[in-house]
Amino acid sequence: MSARSLNKVQLIGNLTRDPELRYTPQGTAVCTLGLATNRTWVTESGEKREETEFHRLVAWNKLAELCSQLLFKGRKIFVEGRLQTRQWTAQDGTPRQTTEIVISDMIILDSKRAPGEEAVGETVPPEPTVVPEEAPAEAPAVSPVDDKSTKKEAGKKKQKDVEVKAEDIPF
């Protein structure tokens, strides 16, 4: 009889840098992202405190390509995935370890445009309401969501879990 377990992460935050898309020697797309999440609380003395956590996200295959096309620094997103810890030996011989979130789903939560993306002669309102093009039907569920609209669940395609060795990653 096997015991059940769960490795699931859900985060909402802002990207700390532009996505970085690379390819493994086998041609598999891999995209790394930085995400910041904030937590606020009030201390017993009534002082308001805030704490920021920084997360390393990794997307694979079609989702990696979509992230590199649609995302940029400052964008607010929702991601869902799993924790993964990798270990390797650095070039100087020291053992290294990192924990990252391998994402399987991503939803854009704002409607910002990338810098310089407005059309010629177009007047951009203070908070743009134009959303990027939607992903092709065969892609994992990636949908821009307007703050005023409710989130609709589209038919989700789950990304296959792929076992990746540290030596397969080109960085």
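Details of the structure are given in the entry above.
Heads up: these notes are all about the structure in this document. (Residues numbered from 1 in each chain as written. Predicted model: local features only at pLDDT ≥ 70, side-chain atom pairs only at ≥ 80, totals over all residues. Heavy atoms only, no water.)

1. Topic: helix H1 (residues 61-70)
Given 3.6 residues per turn, any residue in an α-helix points the same way as the ones three and four places further on. Taken together, the buried positions of H1 are occupied by Leu 63, Ala 64, Leu 66, Cys 67 and Leu 70. Buried residues of H1 fall within an arc of 165 degrees about the axis and therefore sit on the same side. Among the structural elements, strand S2 (20-23), strand S3 (29-42), strand S4 (48-60) and strand S6 (95-108) are those in contact with the buried residues of H1. (Buried < 20%, exposed > 50% of the residue type's maximum accessible area, 1.4 Å probe, protein only. Helix = DSSP H or I, 4+ residues; strand = E, 2+ residues; numbered from the N terminus. Arc of directions from axis to C-beta. Contact = heavy atoms within 4.5 Å.)

2. Points about the side chain of Arg 75
Mapping Arg 75 onto the fold places it in the loop between H1 and strand S5 (76-89). Judged by relative accessible area, which is 1%, Arg 75 ranks as buried. Engagement of the side chain of Arg 75 in a polar contact is seen with the side chain of Asp 110, the distance being 2.7 Å. (Polar contact = N/O pair within 3.5 Å; in protein donor to acceptor, adjacent residues only side chain to side chain.)

3. Quick look at the environment of Leu 109
Looking at where Leu 109 falls in the secondary structure, it is placed in the segment after S6. What makes Leu 109 buried here is its relative accessible area of 17%. Along the primary structure Leu 109 and Ile 77 are separated by 32 residues, whereas in three dimensions their C-alpha atoms are 5.1 Å apart.

4. Re the pattern of salt bridges
Applying the stated criterion across every chain yields a total of six salt bridges. When the shortest N-O distance is used, the salt bridge between Glu 20 and Arg 22 registers 2.3 Å. Overlapping salt bridges, with partners in common, bring together Arg 56, Arg 86 and Glu 100 in one network. (Salt bridge = Lys/Arg side-chain N within 4 Å of Asp/Glu carboxyl O.)

5. Some words on the pairing of S4
For S3 and S4, the ladder comprises 13 bridges, and the chain directions are antiparallel. Counted as the bridge partner of Cys 31 is Ala 59 from S4. The antiparallel hairpin formed by S3 and S4 contains five residues in its connecting segment, where Gly 46 sits at a positive phi of about 90 degrees. (Pairing = 2+ DSSP bridges.)

6. Quick word on the side chain of Thr 37
Secondary-structure assignment places Thr 37 in strand S3. Residue class for Thr 37 comes out buried when judged on its relative accessible area of 13%. A distance of 2.8 Å separates polar atoms of two side chains, one belonging to Thr 37 and the other to His 55. Each residue touching Thr 37, except ones within four places of it in the same chain, is listed here: Leu 11, Ile 12, Gly 13, Glu 51, Thr 52, Glu 53 and His 55.

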